[in-house]
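Coordinate analysis (summary)
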Amino acid sequence: MPKCILALDQGTTSSRAILFDQEGLIIATAQKEFTQIFPSPGWVEHDPMEIWSTQIGVASEVISKHGTDKFDITAIGITNQRETTVVWNKLTGMPIYNAIVWQDRRTADFCDQLKQEGKQTFIQEKTGLIIDAYFSASKIKWILDHVEGARAQAEKGELCFGTIDSWLVWKLTNGAQHITDATNASRTMLYNIHELKWDTALLDLFDIPMAMLPEVKSSSEVYGHTDLLVTNQQIPIAGIAGDQQAALFGQICTAPGMVKNTYGTGCFMLMHTGEKAFISKNNLLTTIALQRNGKTFYALEGSVFIGGAVVQWLRDGLNIIRDSDQVESLAAQVTDTDGVYMVPAFAGLGAPYWNQHAKGTIIGITRGTNAAHIARAALESIAYQTYDVLKAMESDAQIPIAELRVDGGATKNNLLMQFQSNILNTKVIRPTIIETTALGAAYLAGLAVGFWKDETEIAAKWKVDQVFNPILAQADIAKGIEGWKKAIQMTNI
């Protein structure tokens, strides 16, 4: 019977399950969106039980599509939205509060206070991170401070903290495993990425008990087994990586200097830096790219908070499109934005600005501005934010980036990809399989159980779908970037 790997891809707006065959090709996929909860301006939450029900639901659906009589599931790989924080009761297995999503800004003032106290260098040297509400630590502290009885329970060892990978493994193993992997741990602002352990000084700073934290494992090993998906079968859970690190691996960016950008809810560019952790001088993050076979690899990362989510806003907020796929055809009705720029700082600005209090801005509107101009400006905002990150990355690395490997749902948009190539003035490469986040998790799980022999074998499976080369005049590019910089300045008013 042919074997396959099941990848669970738990994202910010949907849960997906994908079966991959030996060639790294998709056999079947299932996806389900779940509720986005906005209790107050700047607050974003998810129901952890809905995350679990949608994830186990799509996993069951994808298995039923191809049945265990057709394929033997060798292992499960998990990839997840990072930083999103779940705290649950160890005895009941029930969350004590909704998951606080990575986009949530409720702890921005506390993070500002840490900056004012001069904690930035102290934290960055240990974690590679910029002080921001984006990361998990301040979210955990908020839950302990605001949920009645939570801190007392935590100090008694009755509560568990986890990013979404931890929550899923806990549920899949019926509470037998409380773990995470090094890539997810490195996004909590509690993990020392050099000493590879939870940092007691950081736990003291955020007032978080060590007993809450999961055990940190490598990104590719057998963590435990689940019997919830196939009757009478214990399937090993054998790979975990945060979504962006999984995409880096799925894009086979495994050598220093290789760069990928994922276009999802946000945009996330990572450069592999090998076994050396570079501390950025340009407001980028230093993060663990992968831990495997006893080695730890690092990356520089630039995070754009609102990427593809700006298209969702056009659909759900402005109602100028009925379906996200319509944005390209709408934007193509005009040849340019006619001077309109949009800065979608709906959750503040990420790299390289790190302005937690920035608000979204649209400038250059006239009576002649129509929905097509707004749609095109929204798409271009994704590319401009990526430009800002890439230039910071080139400065840190001291090398020009020769090519950008891209993945994620928005890469299906040819207009966006061509514009991205234009303003970067570099080659943009879209692979045949753009679901590289799930593919990376599958590769990590498959390598752990011998489904694939080594990285050389999986590298041979990476195939190019389309290459976008710059075609716009440099003078036009420079004019566009100048307008973008003015728009960025307007968000600070």
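All values reported here derive from a predicted model rather than from experimental measurement.

Each value, and the rule that gives it
- Residues numbered from 1 in each chain as written.
- Predicted model: local features only at pLDDT ≥ 70, side-chain atom pairs only at ≥ 80, totals over all residues.
- Heavy atoms only, no water.
- Helix = DSSP H or I, 4+ residues; strand = E, 2+ residues; numbered from the N terminus.
- Contact = heavy atoms within 4.5 Å.
- Pairing = 2+ DSSP bridges.
- Axes fitted to C-alpha atoms, helices over the stretch in contact; angles between N-to-C directions.
- Polar contact = N/O pair within 3.5 Å; in protein donor to acceptor, adjacent residues only side chain to side chain.
- Core = buried A, V, L, I, M, F, W, Y, C linked by side-chain atoms within 4.5 Å.
- Buried < 20%, exposed > 50% of the residue type's maximum accessible area, 1.4 Å probe, protein only.
- Salt bridge = Lys/Arg side-chain N within 4 Å of Asp/Glu carboxyl O.
- Lys, Arg positive; Asp, Glu negative; His and termini not counted.
- Parallel < 35°, antiparallel > 145°, perpendicular 65-115°, else oblique.
- Nonpolar A, V, L, I, M, F, W, Y, C, P; charged D, E, K, R; others polar.

1. Notes on the overall build of the protein
- Scanning the protein for helices and strands turns up 16 helices and 23 strands.
- When the backbone C-alpha atoms are referred to their principal axes, the protein occupies close to 60 × 55 × 45 Å.
- Taking all contacts inside the protein whose residues are at least 6 apart in sequence as the whole, residues at least 24 apart take part in 72%.

2. Observations regarding the sheet that holds strand E5 (residues 72–80)
- Read across the open sheet, the 6 strands follow the order E3-E2-E1-E5-E14-E13; overall the sheet is mixed. Every other strand in the sheet has two partners, leaving strand E3 (26–33) and strand E13 (220–226) as the edge strands with one partner each. Across the sheet, the mean angle from the axis of one strand to that of its neighbour is 25 degrees, orientation sign disregarded.
- Pairing geometry for strand E1 (residues 3–10) and E5, over 8 bridges, is parallel. Bridge pairing in E5 links Ile5 to Ala75.
- Together, E1, E5, E13 and strand E14 (235–242) form the strand contacts of helix H6 (residues 164–172), whose direction differs from that of E5 by roughly 145 degrees.

3. Some remarks on unusual backbone geometry
- Between Ala351 and Pro352 the backbone carries a cis peptide bond, its omega angle lying at -5 degrees.
- In this structure, Pro352 sits in the loop between strand E19 (341–343) and strand E20 (361–363).
- You will see that Met189, though not glycine, has its phi angle at about 70 degrees, which is positive.
- Checked against the element boundaries, Met189 lands in the loop between helix H7 (182–185) and strand E10 (191–192).

4. Remarks on the side chain of Arg187
- As for its position among the elements, Arg187 is in the loop between H7 and E10.
- Of note is the side chain of Arg187, whose polar atom sits 2.7 Å from the side chain of Glu83.
- In terms of polar contacts, Arg187 uses its side chain to reach the side chain of Glu301, at 3.0 Å.
- Look past the residues within four positions of Arg187 in its chain and what remains in contact with it is Arg82, Glu83, Leu129, Tyr134, Phe135, Ser136, Gln245, Leu285, Thr287, Glu301 and Ser303.

5. Looking at the nonpolar core
- Core analysis: the biggest nonpolar cluster contains 109 residues, and Leu190, Phe206, Ile208, Met212, Tyr263 and Met393 have the highest contact counts within it.
- The leading source of residues in this core is helix H12 (residues 371–397), at 14 residues.
- Not counting residues within four places of it along the chain, the set of residues in contact with Leu190 comprises Thr127, Ala137, Ile140, Lys197, Trp198, Asp199, Leu202, Leu203, Phe206, Ile208 and Leu213.
- Within the second largest apolar cluster, 37 residues are counted, among which are Ile164, Trp170, Leu229 and Val230.

6. Some thoughts on helix H9 (residues 243–250)
- When you tally the buried positions in H9, you get 8 out of 8 residues, the bulk of the element.
- Along H9, the residues classified as buried are Asp243, Gln244, Gln245, Ala246, Ala247, Leu248, Phe249 and Gly250.
- Downstream of H9 by one or two residues, Ile252 has phi in the positive range, about 55 degrees.

7. Re the environment of His357
- Checked against the element boundaries, His357 lands in the loop between E19 and E20.
- C-alpha separation for the pair His357 and Ala345, spaced 12 residues apart in sequence, amounts to 8.8 Å.
- There is a polar contact of 2.5 Å between the side chain of His357 and the side chain of Asp112.

8. Here we look at the pattern of salt bridges
- In the structure shown here, the tally under the stated rule is 25 salt bridges.
- Put simply, Arg16 and Glu435 hold a salt bridge, and the shortest N to O gap is 2.5 Å. Of this pair, Arg16 sits in strand E2 (residues 14–20) while Glu435 sits in the loop between strand E22 (427–431) and helix H14 (436–448), placing them 419 residues apart in sequence.
- Note on Arg16: relative accessible area 15%, which makes it buried.

9. A word on the environment of Ile5
- Tracing the sequence through the fold places Ile5 in strand E1.
- For Ile5, a relative accessible area of 0% gives the class buried.
- Considered as a pair, Ile5 and Ile76 are 71 residues apart in the sequence and their alpha carbons are 6.0 Å apart.
- Excluding its chain neighbours within four sequence positions, the residues that come into contact with Ile5 are Ile18, Leu19, Phe20, Thr74, Ala75, Ala442, Ala445, Gly446, Phe451 and Trp452.

10. Concerning the sheet that holds strand E16 (residues 267–274)
- The sheet built from 7 strands is open, its strands ordered E17-E18-E16-E15-E21-E22-E23 with mixed pairing. Edge positions in the sheet fall to strand E17 (285–292) and strand E23 (464–468), since each of these pairs with one other strand and no more. The average undirected angle you get between the axes of adjacent strands in this sheet is 30 degrees.

11. Side note on the side chain of Asp396
- Of note, Asp396 is situated in helix H12.
- No salt bridge is formed by the buried Asp396, whose closest oppositely charged neighbour, Lys281, lies at an N-O distance of 7.1 Å.
- A distance of 2.4 Å separates polar atoms of two side chains, one belonging to Asp396 and the other to Ser280.
- Reaching out from Asp396, the side chain makes a polar contact with the side chain of Asn282 at a distance of 2.8 Å.

12. Describing the environment of Phe297
- Along the chain, Phe297 turns up in strand E18 (residues 295–304).
- Ignoring anything within four residues of it in the chain, the contact list for Phe297 reads His272, Gly274, Glu275, Thr287, Ile288, Ala289 and Leu290.

13. A look at the packing of H12 against helix H16 (residues 474–490)
- The geometry of H12 relative to H16 is characterised by a closest axis approach of 11 Å and an angle of 90 degrees between their N-to-C directions. Taken together, the axes of H12 and H16 are roughly perpendicular relative to one another. Contact residues: H12 offers Ser381, Tyr384, Gln385, Tyr387 and Asp388, while H16 offers Gly480, Ile481 and Trp484.
- In terms of residue class, the contact of H12 with H16 is made up of 4 nonpolar, 3 polar and 1 charged.

14. With respect to helix H13 (residues 414–424)
- Taken across its 11 residues, H13 has 10 buried, putting it largely inside the fold.
- Taken together, the buried positions of H13 are Leu415, Leu416, Met417, Gln418, Phe419, Gln420, Ser421, Asn422, Ile423 and Leu424.
- Two or three places before Leu415, at the opening of H13, Asn413 has a side-chain oxygen 3.2 Å from that residue's backbone nitrogen.
- Downstream of H13 by one or two residues, Asn425 has phi in the positive range, about 55 degrees.

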